Every structure is written in C-alpha cells, then in structure tokens.
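Descriptive structure summary
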Amino acid sequence: MIKLVLGVSLWSAIHLIPAIAVDFRKNLIAKIGEKPYKGLFALFMLLALYLVISGWKATIPVNLYLPPLWGRHVTLLLVMVAFILFLAPYHASNLKRVLRHPQLTGLAIWGIGHLLANGESRSIVLFGGLTIWAVIEIWLLNRRDGPWVKPDPVPVRKDIALVIAGLLFYAVVAFSHQWLFGFSPFA
C-alpha cells in the first residue's frame with residue numbers, strides 16, 4: 001500500500017507544481033531549459049505510474065465498504081462521460097465553453113464512478129486520491145488564472161466529433177479492461 005500511496009502522492013505533487021509554485025517552475029525552466037524540465041516532469045510521471053501500478057498489484061485489497069448494487073451500472077455511464085471530457089482539451093468543442101477544465105472534471109468523475117463500484121482499500125487510495133487531486137487542481141488553477149474567458153463557439157460537428165472520439169476511446173478501454181486490469185466492468 002505504501003508504494004500506491006507514494007505513487008498517487010507523487011503524481012499529485014508533480015502536477016500541482018505549475019498551479020502552486022509558478023515562480024519555482026519558471027526559475028527551474030530558466031536554469032535547466034524547457035525541454036529538460038519536460039523530460040524531468042515525464043520522468044517523475046513514469047516513476048509515479050510505476051509506483052501506482054506496482055503498488056496496486058502488491059496491495060491485498062481490504063473491503064472497507066460495500067458499494068451500492070447500482071454502483072457498477074452508474075460507473076459505466078460516469079466513466080463514459082469521463083472519457084469524453086478527458087479528450088476535450090485536445091479538440092475544439094463547445095464543451096470548453098461550459099467547463100473550464102474538462103479533463104480534470106472528467107478525471108474526478110472517473111474516480112467517483114470507480115468509488116461507486118469498488119469499496120476496497122486500494123481503490124479508495126487510487127480513485128479517491130486522484131479525485132481529490134483533480135478537484136484541488138481545478139480550484140488552484142482557477143485561482144492562479146483569474147477570471148475565465150470562455151472560448152468562441154465552434155460548429156456542432158466539432159462536438160459530435162469529440163463525443164464519437166470519446167466513445168471510441170471508452171469502448172477500447174472498456175472492452176480491454178479484463179486484459180489490462182484483470183477484470184471486466186461488464187461482469
């Protein structure tokens with residue numbers, strides 16, 4: 001469990017730096033350069049992912065609560081929405097006129113969905129931890145960036161393309177979930 005907690009903590013801390021330590025980030029980039037900074041960031045992300053994955057596998061799950069019977073069904077819907085939101089920053093869409101941080105919102109929805117379907121200790125650390133990080137990150141980014149200037153409207157076909165891309169991404173992950181993570185969300 002320690003590796004899992006360290007992984008979620010490292011992931012969160014590294015991602016929070018641009019929101020809470022703007023001067024530190026600028027000074028570090030000025031000192032080592034933009035590309036080395038991004039390389040260092042990526043290295044820490046890989047370490048965090050390693051800790052999360054190996055920590056997850058090494059942790060014996062302990063049930064802490066019984067998820068509601070309807071939790072798995074709601075999770076499928078919430079995760080589908082989360083995948084669409086997760087792709088939103090990479091596509092021009094009107095969704096970005098409604099949500100300032102669609103990817104982080106999607107991550108929080110993904111985490112909440114998984115908490116509705118899983119009540120064991122390692123799920124609470126992973127999904128609860130990343131959900132808390134995403135909510136804090138949204139708050140800090142909003143505070144750092146000041147008033148929100150909404151983007152201009154785009155044609156509805158861009159929204160349709162985003163939804164289709166999100167649904168395809170969701171389908172690939174959902175149907176390979178058994179292979180990737182050891183259990184099917186449809187079982």
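Residues numbered from 1 in each chain as written. Predicted model: local features only at pLDDT ≥ 70, side-chain atom pairs only at ≥ 80, totals over all residues. Heavy atoms only, no water.

Concerning the overall build of the chain
When helices and strands are tallied, the chain shows seven helices and zero strands. Each helix (α) and strand (β) of the chain, taken in turn from the N terminus, gives the series α-α-α-α-α-α-α. A globule of 187 residues ought to have a C-alpha radius of gyration of about 16 Å, and the chain, at 18 Å, matches this closely. Seen along its three principal axes, the alpha-carbon backbone of the chain occupies a region of about 50 × 45 × 25 Å. Considering the chain as a whole, with its 187 residues, one finds that 36% of them fall into the buried category. For the chain, the exposed surface amounts to about 11300 Å²; the carbon and sulfur share of it is 73%. With 17 positive and 7 negative side-chain charges, the chain shows a separation of 4 Å between the mean positions of the two kinds. (Helix = DSSP H or I, 4+ residues; strand = E, 2+ residues; numbered from the N terminus. Rg over C-alpha atoms; globule rule 2.2 N^0.38 Å. Buried < 20%, exposed > 50% of the residue type's maximum accessible area, 1.4 Å probe, protein only. Areas by Shrake-Rupley, 256 points an atom, 1.4 Å probe, with all protein chains shown as cover. Lys, Arg positive; Asp, Glu negative; His and termini not counted. Charge placed at Lys NZ, Arg CZ, Asp CG, Glu CD.)

Re the layout of surface pockets
Within this model, the largest pocket holds a volume of roughly 1200 Å³. Mapped by element, the contributors of at least two residues to the lining of the largest pocket are helix H1 (2-20), helix H3 (34-58), helix H4 (71-87), helix H5 (102-117), helix H6 (121-145) and helix H7 (156-181). The class makeup of the residues in the lining of the largest pocket is 26 nonpolar, seven polar and four charged. A volume near 530 Å³ is recorded for the second largest pocket. Surrounding the second largest pocket, 20 residues form its lining, His15, Tyr90, Gln103, Leu104 and Leu141 being those nearest its centre. When contributions to the lining of the second largest pocket are tallied by element, the ones reaching two or more residues are H1, H3, H5 and H6. (1 Å grid on protein atoms, 1.4 Å probe; cavity = no way out; pocket = protein on both sides within 12 Å on 5 of 7 lines; lining within 4 Å. Points joined across faces, edges and corners; volume = space filled by probe spheres on them. Nonpolar A, V, L, I, M, F, W, Y, C, P; charged D, E, K, R; others polar.)

Section: H5
With 16 residues, H5 ought to run about 22 Å at 1.5 Å a step, and its terminal C-alpha atoms sit 23 Å apart, in line with that. Among the residues of H5, Pro102, Leu104, Gly106, Leu107, Ala108, Gly111, Gly113, His114 and Ala117 are the ones counted as buried. Each element contacted by the buried residues of H5 is listed here: H4 and H6. (Expected span 1.5 Å × (residues − 1). Contact = heavy atoms within 4.5 Å.)

Some points on the nonpolar core
In terms of nonpolar packing, the biggest core is built from 17 residues, with Leu4, Val8, Leu104, Leu126, Leu130, Trp133 and Ala134 touching the most fellow members. Within the residue set of this core, elements represented by two or more residues are H1, H3, H5 and H6. Counting residues per element, this core draws most heavily on H6, which supplies eight residues. Other than its neighbours up to four places away in sequence, tryptophan 133 contacts Trp11, Ser12, His15, Leu16, Leu104 and Leu107. (Core = buried A, V, L, I, M, F, W, Y, C linked by side-chain atoms within 4.5 Å.)

A closer look at the environment of serine 93
By secondary structure assignment, the location of serine 93 is in the loop between H4 and H5. Looking at serine 93, the relative accessible area reads 2%, which means it is buried. Not counting the four nearest positions on each side in its chain, serine 93 is found in contact with Val154, Asp159 and Leu162. Within the structure, serine 93 has its side chain in polar contact with the backbone nitrogen of leucine 95 (distance 3.3 Å). (Polar contact = N/O pair within 3.5 Å; in protein donor to acceptor, adjacent residues only side chain to side chain.)

With respect to the environment of alanine 174
Structurally, alanine 174 is set in helix H7. Note on alanine 174: relative accessible area 7%, which makes it buried. The spacing of alanine 174 and serine 184 is 10 residues in sequence and 7.6 Å in space, taken between C-alpha atoms. Those residues in contact with alanine 174 that sit more than four places away from it in its chain are Pro185 and Phe186.

A word on the side chain of histidine 114
Its location among the elements puts histidine 114 in helix H5. Assessed through its relative accessible area of 12%, histidine 114 is described here as buried. With residues near it in sequence (within four places) discarded, histidine 114 still touches Thr75, Val79 and Phe127.

Note that every value here comes from positions in space, so none of it alone points to a role or purpose.
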